[in-house]
Amino acid sequence: MKQKVHSYIYLLLFIGLNTSSFATDIPADSLINKYIKAIGGVENWEKIKTIRILKHSNFSTDNLLLWSNTELVRDKGMQIASYINEGVPTIKAINNEEGWKIVNGHRDMNTKEEILWHSGQSSQISTLPDSTYQELKFISSIPWKLFDVAKHNIRLSYKGTIEINDEVFEQLDVKMKGMKAISCFFSTKDAYLEKVLIGRKLITFSDFKVVEGVVFPFRESIRFIKNKSSLSRYEVTRISTIDFITDKVILNPKIANENMVKPTN
């Protein structure tokens, strides 16, 4: 298969990519190319260096409301600041080397510095398990992770079509070192990536909107299926269901690279 070199995107940021090297066969190559075109194309994505995504959740129990502020920096990583009931902040971050988090139960603390200053304890900082780190790194980097498989030693395998809840999708399996099996499901209607299955966790993206020429999902739903064979029947455990609604996507905001660096105290 001839190599076709393109300069490309990074999420939600893109980097130089090889159009045929990210696919292991012609159908996979064709599917990814349709996806690239559907989400806005190379030229528009190349303009993106940083992204800020503001979300809230419709999950509510005993007056608890979850919302998050996610920041991504091209080639550096991401930080997710989450809050319950406008307090009890949790900050998670990943970079190219590791993932970490800080948890603190005090209100009105919106930054890493505020949390650390109040707690004054290194025990507040913990390293994410490798499986969690790898999963977050992949999910946070969709779609760019799919576009540079040679660099990340990723293998793609086209599996044909599958019907899920009366809708037809094209399935692309992703194999990465150190990660559970990953299956990506692209809509046969518009080529958007609408579902990602990692282990038993099924993440569904919907409510797609155009932001400055590129397409983002404005709703993200997380379910847990009993096993992969039940996917077509969409059997899920409702007790572990949570949805996030995106309120705003800001492209190329000013973001400090240090936000992705694990604190030392």
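Everything numeric in this text was worked out from a predicted model, so none of it was measured.

Draft legend 1. Region of interest: unusual backbone geometry. Of note in the backbone geometry, aspartate 207 takes a positive phi value of approximately 50° without being a glycine. With respect to the helices and strands, the residue aspartate 207 is situated in strand S13 (residues 201–211). The backbone phi angle of glutamate 212 is positive, close to 50°, even though this residue is not glycine. Its place among the elements puts glutamate 212 in the loop between S13 and strand S14 (214–224). The exposed category is assigned to glutamate 212, whose relative accessible area is 62%.

Draft legend 2. Quick look at the pattern of salt bridges. A full pass over the atoms with the stated rule returns 7 salt bridges. With a closest N to O distance of 3.0 Å, lysine 55 and glutamate 220 form a salt bridge. Linking lysine 55 in strand S3 (residues 50–61) with glutamate 220 in strand S14, this pair joins segments that are 165 residues apart in sequence. Here lysine 55 and glutamate 220 have matching classes, each one buried. Salt bridges here are not isolated pairs; linked through shared partners, they connect Arg219, Arg223 and Asp243.

Draft legend 3. Representation of the packing of aromatic side chains within the structure. Applying the stated criterion to the full structure yields 3 aromatic pairs. Ring geometry for tyrosine 35 and phenylalanine 186: centres 5.2 Å apart, planes at 70°, overall edge-to-face. Of this pair, tyrosine 35 sits in helix H1 (residues 26–38) while phenylalanine 186 sits in strand S11 (residues 182–187); the two residues are 151 residues apart in sequence, bridging distant segments of the chain. Exposure remark for tyrosine 35: the relative accessible area of 4% places this residue in the buried category.

About the thresholds
Residues numbered from 1 in each chain as written. Predicted model: local features only at pLDDT ≥ 70, side-chain atom pairs only at ≥ 80, totals over all residues. Heavy atoms only, no water. Helix = DSSP H or I, 4+ residues; strand = E, 2+ residues; numbered from the N terminus. Buried < 20%, exposed > 50% of the residue type's maximum accessible area, 1.4 Å probe, protein only. Salt bridge = Lys/Arg side-chain N within 4 Å of Asp/Glu carboxyl O. Phe/Tyr/Trp six-rings, centres within 6.5 Å; stacked < 30°, edge-to-face > 60°.

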